[in-house]
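Notes for the structure review
These are the residues of each chain, in order.
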Amino acid sequence: MDRYARWNTLLEILASQGRISVEDAASQLHVSQATIRRDFDQLSQQQMITRTRGGAVAGGVSYDLPLRYKTAKRVEEKHRIGAAAAGLVSSGMVVGLNGGTTITEVARALAMRTDLVATSGTTPLTIVTNALNIANEMIVRPHIKVVVVGGVVRPQSYELIGPLAAPILREITLDMVFLGVDAIDVKLGATAHHEGEAAINQLMAARARKVVIIADGSKLGGHAFARICPVERVHTLITDSTVASDVVTPFTEAGIKVLRV
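Residues numbered from 1 in each chain as written. Predicted model: local features only at pLDDT ≥ 70, side-chain atom pairs only at ≥ 80, totals over all residues. Heavy atoms only, no water.

Further remarks concern the overall build of the chain. What the chain contains, in helices and strands, is 9 helices and 15 strands. Computed over its C-alpha atoms, the radius of gyration of the chain comes to 20 Å, within 12% of the 18 Å expected for a compact globule of 261 residues. For the chain, the spread of C-alpha atoms along the three principal axes comes to 65 × 45 × 35 Å. Across the 261 residues that make up the chain, the buried fraction comes to 46%. Taking contacts inside the chain between residues at least 6 apart in sequence as the whole, the part at least 24 apart equals 66%. For the chain, the exposed surface amounts to about 12,500 Å²; the carbon and sulfur share of it is 52%. Between the averaged position of the 28 positive side-chain charges in the chain and that of its 24 negative side-chain charges there is a distance of 3 Å. (Helix = DSSP H or I, 4+ residues; strand = E, 2+ residues; numbered from the N terminus. Rg over C-alpha atoms; globule rule 2.2 N^0.38 Å. Buried < 20%, exposed > 50% of the residue type's maximum accessible area, 1.4 Å probe, protein only. Contact = heavy atoms within 4.5 Å. Areas by Shrake-Rupley, 256 points an atom, 1.4 Å probe, with all protein chains shown as cover. Lys, Arg positive; Asp, Glu negative; His and termini not counted. Charge placed at Lys NZ, Arg CZ, Asp CG, Glu CD.)

Here it is as structure tokens:
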């Protein structure tokens, strides 16, 4: 396991457990205690963790690790979700994307759609996003027009948030918006942990003709701090195939098209 893989794993452990000792970390990662001490020191220097005598605690790291440190989990499921979402897009559409690892897969799947390349006399696919990492990947695709909303960067997700984004979003219309959420419930709607992200997502949803929610099975039926939109605004929900039918039923009964991929 290389250094960055170890750091990912250590941060994931701290995010779930809150603290860990050098001895336990060395045992779980199958490396020496000296290696773990160096890792802890380097992560502490980056203010990712707080060093303690004999170990480390999460400090400011909770459920919301910076995107670059998130281990790629359920990669195949995310690829399938990305492909299914991209399949809903037609040539010439204006599509909104927020941030997150799964939405990034949606963006990559869209970039690979050679049939979306504009020909003479047609309109190119337009991507509107508040995620800097997605804009960075899409801007090298000459057949895609990229619009980035303003705002202040949130390092945890690479998303632009705050009131500076509102003037741009209020002046445009989206054919479809793909939103990664932290939870979605039939009664409580789609929600996010961070109120700044929720506010931008709410505005993107309000400017879209169709709202497509991207959420794995663990997020269905749950709730988070800040509301994005009610389920009445959701046209399609894309989730993974492991979700039980009884979990999906309330969403279909609410008139949402559910794709399990």
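So, about the pairing of strand S11 (residues 189–192). Two faces belong to every sheet, and in a regular strand the side chains alternate between them. Across 3 bridges, strand S10 (residues 183–185) lies against S11 in antiparallel orientation. Directly across from Ile184, in S11, lies its bridge partner Ala190. Between S10 and S11, which pair antiparallel and follow one another directly, the connecting turn spans 3 residues. Pairing of S11 with strand S13 (residues 226–229), which is carried by 3 bridges, proceeds in the antiparallel orientation. Paired with Thr191 across the strands is Arg227, a residue of S13. (Pairing = 2+ DSSP bridges.)

If you walk across this open sheet you meet the 3 strands as S10-S11-S13, and the pairing is antiparallel. If you trace the sheet from one side to the other, it starts and ends with S10 and S13, each paired once. Each neighbouring strand pair of the sheet contributes to a mean axis angle of 35 degrees, computed without reference to strand direction. On the sheet, helix H8 (residues 195–206) packs against S11 and S13 and is oriented at approximately 15 degrees with respect to S13. (Axes fitted to C-alpha atoms, helices over the stretch in contact; angles between N-to-C directions.)

A few words on the side chain of Asn98. Mapped onto the fold, Asn98 is located in the loop between strand S4 (94–97) and helix H5 (101–111). A polar contact of 3.4 Å, which involves the side chain of Asn98, links it to the side chain of Asn201. The residues touching Asn98, leaving out its near neighbours within four places in the chain, are Ile103, Thr129, Asn130, Ala131, Ile134, Glu159, Phe178, Leu179, Gly180, Asn201 and Met204. (Polar contact = N/O pair within 3.5 Å; in protein donor to acceptor, adjacent residues only side chain to side chain.)

Turning next to the packing of helix H4 (residues 75–86) against H5. Put simply, H4 and H5 touch, their axes get as near as 8 Å, and they point 55 degrees apart. What the angle tells us is that H4 and H5 run oblique. As for how H4 packs across H5, the hand of that crossing is right-handed. Residues Lys78, His79, Ile81, Gly82, Ala83, Ala85 and Ala86 of H4 touch H5, and the partners they reach there are Thr101, Thr102, Glu105, Val106, Ala109 and Leu110. Here the residues of the contact of H4 with H5 sort into 7 nonpolar, 4 polar and 2 charged. (Parallel < 35°, antiparallel > 145°, perpendicular 65-115°, else oblique. Left-handed = near helix turned anticlockwise from the far one by under 90°. Nonpolar A, V, L, I, M, F, W, Y, C, P; charged D, E, K, R; others polar.)

By themselves these figures say nothing about function.
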